[in-house]
Amino acid sequence: MTPTITAFERSPDGGKGLARDTRVRWALEEVGQPYEVRLVSFQAMKEPAHLALHPFGQIPTYEESDLALFETGSIVLHLAERHAGLLPGDAKARARAISWMFAALNTVEPPILELMTVRILEGDRPWTRERLPLVLDRIRERLKQLSARLGDSDWLDGAFSAGDLMMVSVLLRLRASGLLNEFPSLSAYVARGEARPAYQRAFAAQLAVNTR
Ligand SMILES: N[C@@H](CCC(=O)N[C@@H](CS)C(=O)NCC(=O)O)C(=O)O
(Lines give C-alpha, C1' and ligand atoms only; values in the text may rest on other atoms or scores of the structure.)
Protein backbone atom coordinates (compact mmCIF):
# COMPACT_ATOMS: atom_id res chain seq x y z
CA MET A 1 0.00 0.00 0.00
CA THR A 2 1.32 3.45 -0.90
CA PRO A 3 1.86 5.48 2.28
CA THR A 4 0.33 8.92 2.67
CA ILE A 5 1.94 11.83 4.44
CA THR A 6 0.44 15.17 5.35
CA ALA A 7 1.96 18.55 4.52
CA PHE A 8 0.94 22.18 4.71
CA GLU A 9 -1.53 23.27 2.08
CA ARG A 10 0.64 26.38 1.96
CA SER A 11 3.88 26.34 3.94
CA PRO A 12 4.72 29.52 5.89
CA ASP A 13 8.22 29.42 4.36
CA GLY A 14 6.79 29.66 0.84
CA GLY A 15 8.61 26.51 -0.32
CA LYS A 16 12.11 26.87 1.15
CA GLY A 17 11.84 23.25 2.27
CA LEU A 18 11.92 24.03 5.98
CA ALA A 19 8.54 22.53 6.82
CA ARG A 20 9.13 19.11 8.29
CA ASP A 21 7.37 17.15 5.58
CA THR A 22 10.55 17.73 3.53
CA ARG A 23 12.64 15.44 5.73
CA VAL A 24 10.03 12.69 5.47
CA ARG A 25 9.79 13.17 1.70
CA TRP A 26 13.60 13.00 1.59
CA ALA A 27 13.64 9.69 3.51
CA LEU A 28 10.94 8.26 1.23
CA GLU A 29 12.95 9.31 -1.82
CA GLU A 30 16.19 7.87 -0.43
CA VAL A 31 14.60 4.45 0.00
CA GLY A 32 12.66 4.62 -3.28
CA GLN A 33 9.24 4.38 -1.66
CA PRO A 34 6.49 6.14 -3.67
CA TYR A 35 4.10 8.14 -1.50
CA GLU A 36 1.02 10.29 -1.59
CA VAL A 37 0.53 13.63 0.07
CA ARG A 38 -2.61 14.98 1.68
CA LEU A 39 -2.40 18.75 2.04
CA VAL A 40 -3.96 20.27 5.15
CA SER A 41 -4.84 23.83 6.07
CA PHE A 42 -3.91 25.31 9.46
CA GLN A 43 -7.56 25.08 10.41
CA ALA A 44 -7.91 21.42 9.38
CA MET A 45 -4.79 20.54 11.39
CA LYS A 46 -6.62 21.47 14.59
CA GLU A 47 -9.80 19.55 13.77
CA PRO A 48 -10.70 16.10 15.15
CA ALA A 49 -9.89 14.14 11.98
CA HIS A 50 -6.29 15.39 11.96
CA LEU A 51 -5.95 15.38 15.75
CA ALA A 52 -6.74 11.66 15.64
CA LEU A 53 -3.55 11.24 13.59
CA HIS A 54 -1.46 13.87 15.32
CA PRO A 55 -2.29 14.72 18.95
CA PHE A 56 -0.57 18.11 18.67
CA GLY A 57 -2.33 19.14 15.46
CA GLN A 58 0.84 19.37 13.38
CA ILE A 59 2.34 18.07 10.17
CA PRO A 60 3.73 15.75 9.00
CA THR A 61 1.87 12.54 9.69
CA TYR A 62 2.42 9.18 8.02
CA GLU A 63 -0.21 6.57 7.24
CA GLU A 64 0.48 3.10 5.92
CA SER A 65 -2.31 0.50 6.01
CA ASP A 66 -3.62 0.62 9.58
CA LEU A 67 -0.49 2.30 10.98
CA ALA A 68 -0.52 6.05 11.65
CA LEU A 69 2.62 7.81 12.87
CA PHE A 70 3.53 11.34 13.86
CA GLU A 71 6.92 12.94 14.76
CA THR A 72 9.50 13.04 12.02
CA GLY A 73 12.00 11.10 14.11
CA SER A 74 9.70 8.12 14.42
CA ILE A 75 8.56 8.31 10.80
CA VAL A 76 12.11 8.43 9.41
CA LEU A 77 13.22 5.66 11.76
CA HIS A 78 10.26 3.53 10.70
CA LEU A 79 11.21 3.97 7.03
CA ALA A 80 14.90 3.39 7.71
CA GLU A 81 14.19 0.16 9.55
CA ARG A 82 11.96 -1.25 6.84
CA HIS A 83 13.93 -0.32 3.75
CA ALA A 84 17.56 -0.54 2.79
CA GLY A 85 19.56 2.62 2.32
CA LEU A 86 19.26 4.70 5.47
CA LEU A 87 20.79 2.54 8.19
CA PRO A 88 23.92 0.37 8.11
CA GLY A 89 23.55 -3.40 8.34
CA ASP A 90 26.09 -3.75 11.14
CA ALA A 91 24.22 -3.60 14.47
CA LYS A 92 26.66 -1.25 16.20
CA ALA A 93 26.93 1.13 13.25
CA ARG A 94 23.14 1.09 13.06
CA ALA A 95 22.82 2.05 16.72
CA ARG A 96 25.31 4.88 16.21
CA ALA A 97 23.37 6.20 13.20
CA ILE A 98 20.21 6.21 15.33
CA SER A 99 22.13 8.14 18.02
CA TRP A 100 22.81 10.83 15.42
CA MET A 101 19.11 11.01 14.59
CA PHE A 102 18.36 11.65 18.26
CA ALA A 103 21.25 14.10 18.53
CA ALA A 104 19.87 16.08 15.60
CA LEU A 105 16.39 16.25 17.11
CA ASN A 106 17.18 16.50 20.82
CA THR A 107 20.49 18.32 21.01
CA VAL A 108 20.98 20.38 17.87
CA GLU A 109 17.44 21.33 16.85
CA PRO A 110 16.22 22.78 20.19
CA PRO A 111 18.52 25.86 20.26
CA ILE A 112 17.80 26.41 16.56
CA LEU A 113 14.08 26.42 17.34
CA GLU A 114 14.78 28.90 20.13
CA LEU A 115 16.21 31.23 17.52
CA MET A 116 12.95 31.02 15.55
CA THR A 117 11.05 31.77 18.75
CA VAL A 118 13.18 34.79 19.60
CA ARG A 119 13.14 36.20 16.09
CA ILE A 120 9.60 35.46 15.01
CA LEU A 121 7.31 34.86 17.99
CA GLU A 122 9.04 37.18 20.49
CA GLY A 123 10.60 39.65 18.08
CA ASP A 124 8.75 42.61 19.54
CA ARG A 125 9.27 41.71 23.22
CA PRO A 126 11.52 43.86 25.43
CA TRP A 127 13.83 40.97 26.33
CA THR A 128 14.67 40.05 22.75
CA ARG A 129 17.77 42.28 22.48
CA GLU A 130 19.36 40.58 25.46
CA ARG A 131 18.15 37.07 24.69
CA LEU A 132 19.14 36.91 21.03
CA PRO A 133 22.95 36.89 21.55
CA LEU A 134 22.58 34.20 24.22
CA VAL A 135 20.64 31.95 21.90
CA LEU A 136 23.06 32.59 19.02
CA ASP A 137 25.97 31.58 21.24
CA ARG A 138 24.21 28.40 22.33
CA ILE A 139 23.81 27.46 18.68
CA ARG A 140 27.45 28.35 17.93
CA GLU A 141 28.57 26.06 20.72
CA ARG A 142 26.63 23.14 19.24
CA LEU A 143 27.93 23.89 15.74
CA LYS A 144 31.49 24.04 17.03
CA GLN A 145 31.11 20.65 18.69
CA LEU A 146 29.43 19.12 15.66
CA SER A 147 32.04 20.53 13.32
CA ALA A 148 34.82 19.13 15.52
CA ARG A 149 33.25 15.67 15.38
CA LEU A 150 32.59 15.77 11.62
CA GLY A 151 36.22 16.77 10.93
CA ASP A 152 37.13 16.10 7.31
CA SER A 153 34.55 13.33 6.87
CA ASP A 154 31.73 13.53 4.39
CA TRP A 155 29.15 12.13 6.83
CA LEU A 156 28.88 11.78 10.60
CA ASP A 157 29.66 8.07 10.89
CA GLY A 158 30.76 6.26 7.74
CA ALA A 159 28.27 6.20 4.89
CA PHE A 160 25.31 8.59 4.60
CA SER A 161 22.55 7.52 7.01
CA ALA A 162 19.25 8.61 8.52
CA GLY A 163 21.41 10.39 11.12
CA ASP A 164 22.84 12.64 8.40
CA LEU A 165 19.42 13.09 6.81
CA MET A 166 18.07 14.39 10.10
CA MET A 167 21.13 16.49 10.95
CA VAL A 168 21.24 18.18 7.54
CA SER A 169 17.49 18.83 7.74
CA VAL A 170 17.93 20.50 11.12
CA LEU A 171 20.95 22.56 10.04
CA LEU A 172 19.15 23.79 6.95
CA ARG A 173 16.94 25.83 9.25
CA LEU A 174 19.98 27.98 10.03
CA ARG A 175 20.75 29.04 6.51
CA ALA A 176 18.96 32.40 6.68
CA SER A 177 20.75 33.29 9.92
CA GLY A 178 24.20 33.16 8.30
CA LEU A 179 25.51 31.13 11.28
CA LEU A 180 26.37 28.14 9.11
CA ASN A 181 28.84 30.28 7.17
CA GLU A 182 30.93 30.55 10.34
CA PHE A 183 31.54 26.79 10.05
CA PRO A 184 32.70 26.00 6.50
CA SER A 185 32.85 22.25 7.08
CA LEU A 186 29.21 22.24 8.20
CA SER A 187 28.19 24.41 5.24
CA ALA A 188 29.86 21.87 2.97
CA TYR A 189 28.17 19.02 4.86
CA VAL A 190 24.74 20.60 4.36
CA ALA A 191 25.54 21.23 0.69
CA ARG A 192 26.45 17.53 0.28
CA GLY A 193 23.08 16.59 1.73
CA GLU A 194 21.23 19.02 -0.53
CA ALA A 195 23.10 17.71 -3.57
CA ARG A 196 21.74 14.20 -3.11
CA PRO A 197 19.25 13.37 -5.87
CA ALA A 198 16.72 12.16 -3.29
CA TYR A 199 16.85 15.52 -1.48
CA GLN A 200 16.48 17.36 -4.78
CA ARG A 201 13.34 15.37 -5.60
CA ALA A 202 11.90 15.96 -2.13
CA PHE A 203 12.64 19.67 -2.32
CA ALA A 204 11.12 20.00 -5.79
CA ALA A 205 7.96 18.17 -4.69
CA GLN A 206 7.32 20.49 -1.75
CA LEU A 207 8.22 23.54 -3.86
CA ALA A 208 5.67 22.53 -6.47
CA VAL A 209 2.96 22.54 -3.78
CA ASN A 210 3.98 25.93 -2.45
CA THR A 211 4.28 27.71 -5.76
CA ARG A 212 1.01 26.53 -7.30
N1 LIG B 1 8.61 17.46 16.62
C2 LIG B 1 7.68 17.47 15.52
C3 LIG B 1 7.45 18.92 15.12
C4 LIG B 1 6.31 19.07 14.13
C5 LIG B 1 6.09 20.53 13.78
O6 LIG B 1 6.48 21.45 14.53
N7 LIG B 1 5.40 20.75 12.66
C8 LIG B 1 5.15 22.11 12.23
C9 LIG B 1 5.48 22.26 10.75
S10 LIG B 1 7.18 22.06 10.42
C11 LIG B 1 3.68 22.42 12.38
O12 LIG B 1 2.84 21.60 12.09
N13 LIG B 1 3.38 23.64 12.81
C14 LIG B 1 2.04 24.12 12.94
C15 LIG B 1 1.54 24.08 14.34
O16 LIG B 1 2.26 23.65 15.26
O17 LIG B 1 0.40 24.53 14.53
C18 LIG B 1 8.22 16.63 14.36
O19 LIG B 1 9.45 16.50 14.23
O20 LIG B 1 7.43 16.06 13.60
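## What to know about the nonpolar core
When a protein is soluble and globular, its nonpolar side chains tend to lie buried together.
Piece 1. Ranked by internal contacts, the top residues of the largest apolar core, which has 53 residues, are Met167, Leu171 and Leu174.
Piece 2. The set of elements that each furnish at least two residues to this core consists of α1 (21-30), α4 (72-82), α5 (91-121), α6 (128-150), α7 (162-172), α8 (184-195) and α9 (197-210).
Piece 3. When residues of this core are assigned to their parent elements, the largest contribution, 10 residues, is made by α5.
Piece 4. Two domains each donate at least three residues to this core, and these are domain 1 (4-85 + 198-210) and domain 2 (91-196).
Piece 5. If sequence neighbours within four positions are ignored, Leu171 has contacts with Val108, Leu143, Leu146, Leu180, Tyr189 and Val190.
Piece 6. In this structure, Phe8, Val40, Met45 and Ile59 belong to the second largest nonpolar core, which totals five residues.

## Thoughts on the layout of surface pockets
Piece 1. Its volume calculated, the largest pocket comes out at about 1200 Å³.
Piece 2. Looking at the largest pocket, it is lined by 38 residues, and the ones nearest its centre are Leu18, Arg20, Leu113, Met116 and Arg173.
Piece 3. Those elements that provide at least two residues to the lining of the largest pocket are α2 (42-45), α4 and α5.
Piece 4. If one sorts the elements of the lining of the largest pocket by residue count, α5 sits on top with nine residues.
Piece 5. Grouping the constituent residues of the lining of the largest pocket by class yields 18 nonpolar, nine polar and 11 charged.
Piece 6. Of the domains in this structure, domain 1 (4-85 + 198-210) and domain 2 (91-196) are the two that each give at least three residues to the lining of the largest pocket.

## Quick word on the domain arrangement of the protein
Piece 1. Domain annotation of the protein identifies domain 1 (4-85 + 198-210) and domain 2 (91-196).
Piece 2. Between domain 1 and domain 2, the C-alpha centre-to-centre distance is 21 Å.
Piece 3. In this structure, the connection of domain 1 to domain 2 is made through three salt bridges.
Piece 4. Between Glu109 and Arg20 there is a salt bridge, and its shortest N-O distance comes to 3.7 Å.
Piece 5. Between domain 1 and domain 2 we count seven residue pairs in polar contact (both at pLDDT 80 or more) in total.
Piece 6. Looking at the side of domain 1 that touches domain 2, the elements with two or more residues in it are α1, α4 and α9.
Piece 7. Considering every element that reaches the side of domain 1 that touches domain 2, the biggest residue donor is α4, with six residues.

## Quick look at the site of the ligand
Piece 1. The immediate surroundings of the ligand are formed by Phe8, Ala19, Arg20, Phe42, Met45, Lys46, Gln58, Ile59, Glu71 and Thr72.
Piece 2. Arg20 is positioned such that a nitrogen or oxygen atom in its side chain is 3.0 Å from an oxygen atom of the ligand.
Piece 3. One nitrogen or oxygen atom from the main chain of Ile59 is found 2.8 Å from a nitrogen atom belonging to the ligand.
Piece 4. Here the ligand loses 79% of its free accessible area of 510 Å² to cover by the protein chains.
Piece 5. The cavity that encloses the ligand is the largest pocket.
Piece 6. The residue inventory of the shell around the ligand, partitioned by class, reads five nonpolar, two polar and three charged.

## Topic: the sheet that holds strand β4 (residues 67-70)
Piece 1. Within the open sheet, the four strands sit side by side as β2-β1-β3-β4. Their pairing is mixed. The two strands at the open ends of the sheet, each matched to only one other strand, are β2 (36-40) and β4. For this sheet the average axis-to-axis angle between neighbouring strands, irrespective of direction, equals 25°.
Piece 2. Strand direction decides the pairing type here: strand β1 (residues 4-8) and strand β3 (residues 61-64), joined by two bridges, are antiparallel. Its bridge partner lying in β3, Thr4 is registered against Glu63.

Rules used in this analysis
Residues numbered from 1 in each chain as written. Predicted model: local features only at pLDDT ≥ 70, side-chain atom pairs only at ≥ 80, totals over all residues. Heavy atoms only, no water. Core = buried A, V, L, I, M, F, W, Y, C linked by side-chain atoms within 4.5 Å. Buried < 20%, exposed > 50% of the residue type's maximum accessible area, 1.4 Å probe, protein only. Helix = DSSP H or I, 4+ residues; strand = E, 2+ residues; numbered from the N terminus. Domains from an automatic or database assignment. Contact = heavy atoms within 4.5 Å. 1 Å grid on protein atoms, 1.4 Å probe; cavity = no way out; pocket = protein on both sides within 12 Å on 5 of 7 lines; lining within 4 Å. Points joined across faces, edges and corners; volume = space filled by probe spheres on them. Nonpolar A, V, L, I, M, F, W, Y, C, P; charged D, E, K, R; others polar. Salt bridge = Lys/Arg side-chain N within 4 Å of Asp/Glu carboxyl O. Polar contact = N/O pair within 3.5 Å; in protein donor to acceptor, adjacent residues only side chain to side chain. Near = heavy atom within 4 Å. Areas by Shrake-Rupley, 256 points an atom, 1.4 Å probe, with all protein chains shown as cover. Sits in = over half its atoms within 2 Å of the grid points. Pairing = 2+ DSSP bridges. Axes fitted to C-alpha atoms, helices over the stretch in contact; angles between N-to-C directions.

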